[in-house]
Amino acid sequence: MPPYFDSTAALAINNWTLDKRFFLSPEGLTRIKQEYENFKRLKFLKTSNELPQMMESEDLNADYLVMQEDISLLEAKIAEMEAVLKNARLIKAPPKEMQDIIDLGALVAVEVNGQKVELQLVGCLEADPDTGKISNESPVGKALLGHRAGEEVALAGQNKAVYKIKAVKYQA
């Protein structure tokens, strides 16, 4: 969320999270739960310690207005995380007979433009292209889903490339 509070942006984010399914690894789900608890704890600390002292002041000052904005941001983030947790789906390895097909959680060895790369298909909240974690919603992730080792996937558009799938595996 941006450092400033824009209620329309918060509503758009919350509306986006309300109906969306979020695929998470067990580690990702734990991280989101911890962040959620940290935000709730921070909101509690802000409202129980600083706000009563400011309310005793005889005039509304800039600190009070900043505090209100901080609390609004925390509430929006907490609501967003609640929606994520409500709609979270745990990524699990497929049955043994389906582990040759690329799906969420797969570690995929590919060759692109002569370079060997290992990618892991994850949900959008855990995507980190710099570490090889690509979202199932990204163009590459969408293109790879459902394919097997030995197949080639051509990516059209601005970044045209052919992905030669070398291996597919899942962590236990």
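Here is what the cut-offs are and how they apply
The residue numbers shown here count from 1 along each chain, following its written sequence. Thresholds applied to this predicted model are a pLDDT of at least 70 for local features of residues and 80 or more for the giving and counting of side-chain atom pairs; totals over whole chains, interfaces and linings are not thresholded and use all residues. Side-chain descriptors were evaluated using all non-hydrogen atoms of the structure, hydrogens and water having been removed beforehand. Type-normalised accessible area, obtained with a 1.4 Å probe on protein chains alone, sets the label of each residue: buried when under 20%, exposed when over 50%, and partly exposed for intermediate values. Secondary structure follows DSSP: runs of H or I at least 4 residues long count as helices, runs of E at least 2 residues long count as strands, and numbering of each begins at the N terminus. DSSP calls a pair of strands paired once it identifies at least 2 bridges connecting them. In this analysis the probe radius is 1.4 Å and the grid spacing 1 Å, with only protein atoms considered; a cavity is a set of points the probe fits into but cannot get out of, a pocket is an open set with protein on both sides within 12 Å along at least five of seven lines, and lining residues have an atom within 4 Å of a point. Grid points are joined across faces, edges and corners, and a volume is the space filled by probe spheres set on the points.

Some points on the pairing of strand β3 (residues 107-112)
Both faces of the sheet carry side chains from a regular strand, because those side chains alternate between them.
Move 1: Taking burial as the measure, the six residues of β3 include five buried ones, the bulk of the element.
Move 2: Taken together, the six bridges between β3 and strand β4 (residues 115-122) define a ladder with antiparallel strand orientation. Pairing of Leu107 across the sheet is with Gln120, part of β4.
Move 3: Relative to strand β7 (residues 161-169), β3 is paired through six bridges, and the arrangement is antiparallel. Residue pairing across strands places Val110 opposite Ile165, the latter belonging to β7.

What to know about the layout of surface pockets
Move 1: Reported here for the largest pocket is a volume of approximately 380 Å³.
Move 2: In terms of lining, the largest pocket is formed by 17 residues, of which the most central are Ser25, Pro26, Glu27, Gln120 and Gln171.
Move 3: Of all the secondary-structure elements, those providing two or more residues to the lining of the largest pocket are α2 (26-55) and β4.
Move 4: No other element matches the four residues that α2 contributes to the lining of the largest pocket.

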